[in-house]
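# Coordinate analysis (summary)
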Amino acid sequence: MACVVIVGSQWGDEGKGKVVDLLTEDARGIVRFQGGNNAGHTLVVGEEKFIFHLIPSGILHQGKACYIGNGVVIDPQVLLQEMEKLDQRGMPVGSEKLRISDRAHVIMPYHQALDLAREKAKGKDAIGTTGRGIGPCYEDKAARVGVRMIDLLEPEVLKAKVEANTKEKNFWLTQYYKGEPLDAGHIYREYLEYGNILRDYVGDVPAELHEVLADGENILFEGAQGIHLDIDHGTYPYVTSSNPVSGSVSSGAGVGITRIDEVLGIVKAYTTRVGGGPFPTELEDDTGAWLRDKGQEFGSTTGRPRRCGWLDTVVVRRSVMLAGITGLCVTKLDVLTGLKKLKICTGYRTPEGDLIDTIPASLERLGACQPVYEEMAGWQEDITGARSLSDLPEACRVYLDHIAELCGCRLSIVSIGPGREQTIVLHNPFA
Ligand code: IMP
Ligand code: MG
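These numbers were taken from a predicted model, which means no experiment stands behind them. (Residues numbered from 1 in each chain as written. Chains lettered and ligands numbered in written order. Predicted model: local features only at pLDDT ≥ 70, side-chain atom pairs only at ≥ 80, totals over all residues. Heavy atoms only, no water.)

Of all residues adjacent to ligand 1, which total 15 residues, the nearest are Asp13, Asn38, Thr130, Thr240 and Arg304. Asp13 places a polar side-chain atom, nitrogen or oxygen, 3.3 Å from a nitrogen atom of ligand 1. In the model, an oxygen atom of ligand 1 is placed 3.1 Å from a nitrogen or oxygen of the Arg304 side chain. Its free accessible area being 470 Å², ligand 1 has 97% of it covered by the protein chains. (Near = heavy atom within 4 Å. Polar contact = N/O pair within 3.5 Å; in protein donor to acceptor, adjacent residues only side chain to side chain. Areas by Shrake-Rupley, 256 points an atom, 1.4 Å probe, with all protein chains shown as cover.)

Taken together, Asp13 (OD) and Gly40 (O) make up the full set of protein donors to the magnesium ion (ligand 2), lying 2.1 to 2.6 Å away. Here Asp13, found in the loop between strand E1 (3-8) and helix H1 (16-23), pairs with Gly40, found in the loop between strand E2 (29-32) and strand E3 (41-45); they are 27 residues apart in sequence, far enough to count as distant. Judged by its relative accessible area of 21%, Asp13 is partly exposed. (Donors = N, O, S within 2.8 Å, 3.2 Å for Na, K, Ca; no water. Helix = DSSP H or I, 4+ residues; strand = E, 2+ residues; numbered from the N terminus. Buried < 20%, exposed > 50% of the residue type's maximum accessible area, 1.4 Å probe, protein only.)

Right, let's talk about the domain arrangement of the chain for a bit. Annotation of the chain at the domain level lists domain 1 (3-102 + 203-263), domain 2 (105-198) and domain 3 (265-425). Between domain 2 and domain 3, the residue contacts involve five residues of the former and five residues of the latter. In total, about 330 Å² of surface goes out of reach between domain 2 and domain 3, with carbon and sulfur atoms giving 42% of it. Considering only the surface of domain 2 that becomes buried against domain 3, Gly128, Thr130 and Arg132 emerge as the three largest contributors, covering 76% of it. (Domains from an automatic or database assignment. Contact = heavy atoms within 4.5 Å. Buried area = accessible area lost by both parts, 1.4 Å probe.)

Bringing the environment of Glu352 into the picture now. Residue position: Glu352 is located in the loop between strand E16 (341-349) and strand E17 (355-356). Overall, Glu352 belongs to the exposed group, its relative accessible area being 53%. Sequence separation of Glu352 and Val7 is 345 residues, and the distance between their C-alpha atoms is 34 Å.

Moving on, we get to helix H5 (residues 155-176). Spanning 22 residues, H5 covers 30 Å between terminal C-alpha atoms, matching the ideal 32 Å at 1.5 Å per step. Along H5, the positions that sit buried rather than exposed are Leu158, Val162, Asn165, Thr166, Lys169, Asn170 and Leu173. Those residues of H5 that are buried lie in contact with helix H3 (109-122), helix H4 (134-143) and helix H6 (184-198). Once H5 finishes, Lys178 follows within two positions and takes phi at roughly 55°, a positive value. (Expected span 1.5 Å × (residues − 1).)

In this structure, E3 lies alongside strand E4 (residues 48-52), joined through five bridges in antiparallel fashion. In the strand pairing of E4, Leu43 is matched with Phe50. Between the end of E3 and the start of E4, which pair antiparallel, lie two residues, with Gly46 showing a positive phi angle near 60°. (Pairing = 2+ DSSP bridges.)

Right, let's talk about the environment of Tyr399 for a bit. You can see Tyr399 is positioned in helix H12 (residues 394-407). The spacing of Tyr399 and Met376 is 23 residues in sequence and 7.3 Å in space, taken between C-alpha atoms. The residues contacting Tyr399, other than those within four sequence positions of it, are Ala269, Leu311, Leu333, Leu336, Leu342, Ile344, Met376 and Trp379. A polar contact is formed between the side chain of Tyr399 and the backbone oxygen of Ala269, at a distance of 2.7 Å.

What follows is the structure, given as structure tokens:
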């Protein structure tokens, strides 16, 4: 029996979906514990490409159960669309296969309307959210007026909450943002119907997870976004509204931190970021465009081009610290093939000329820092067929070793292509 948590060590889109899919082999339960359909996990199985926003990536496996924890915010319409798509591809999602926490909060139409209205009003200072209503939903949760999955099953409760919330949100939407009001009756009827469809899927997820553990089975926790988008630890306010750090499996899924055995940190071999906010190693030149093109760095949720840059080990090292990462999984290493020289950021130079290896809380200060690079040799050989470290060119192995050394964490997995088989496992976290 083991619990493994997978987290993104950068700003999301590290390639977590593929790794989750891979490690699902060894787990009986796969759990999401934060975020919502702002995430987009892409996996390639054989010739087929799957993108999930809400359903855990483990859903493609037989004999496993997927769980959506209370820390996740759920857009029922998106959830039902994903279930429908899987059904159409011959993989029906029954209520024994997908479990949804009765305490998870529901993204309502007014959340999405507010998310979009606020971003629009911010103009050039926009956070660059995915526009899915994630932030406003977590706001209502903290304000203690949120609608939870259980409320969709209790008509009177739902009606009262929808009426009160829509009234207040309409005030903001029309008076402050000069937009259109929403209709409470319409929302109530629509969401009551979602509750009816999802009724059998809703349950006490912590209790169910503890049964899995009591049976001596493994659980995999699938983080969304990345540590530097964490609302507490990230580049605030350019962050998401949840805590992608590993510790939130406790608050977001109801499994205590003492039950966690390993935390696998996913590290893309370079860095990307979507939306606004500081990004010290960003490349706004041909190399950046080359990485975006070769790595197909376009958002799987919004289709936006991702900002690209060199690997920043200040960022990853801090994630190792914050999330208690016990092993690194380096992904998309194959994308770097063909570059003559690689740069790896080891620290920042402050405007005063000091060398630091931490991330200042002040965004002004962080923005004024210059990345300090080490230059390394690249490789030209195709590495997508490698199945062990010894199949990799010398320069590639040196790059990997240096990442592990600079981040102060051992290397567990290397991914050299989108396929399941394009993976070198040095240490399986469930072993
Ligand atoms: P929100 O989560 O939609 O509120 O967006 C807040 C910030 O997090 C924006 O910069 C988004 O681009 C970013 N973000 C949210 N989810 C993801 C993700 O799954 N991958 C990468 N960036 C994300
Ligand atoms: Mg993504």
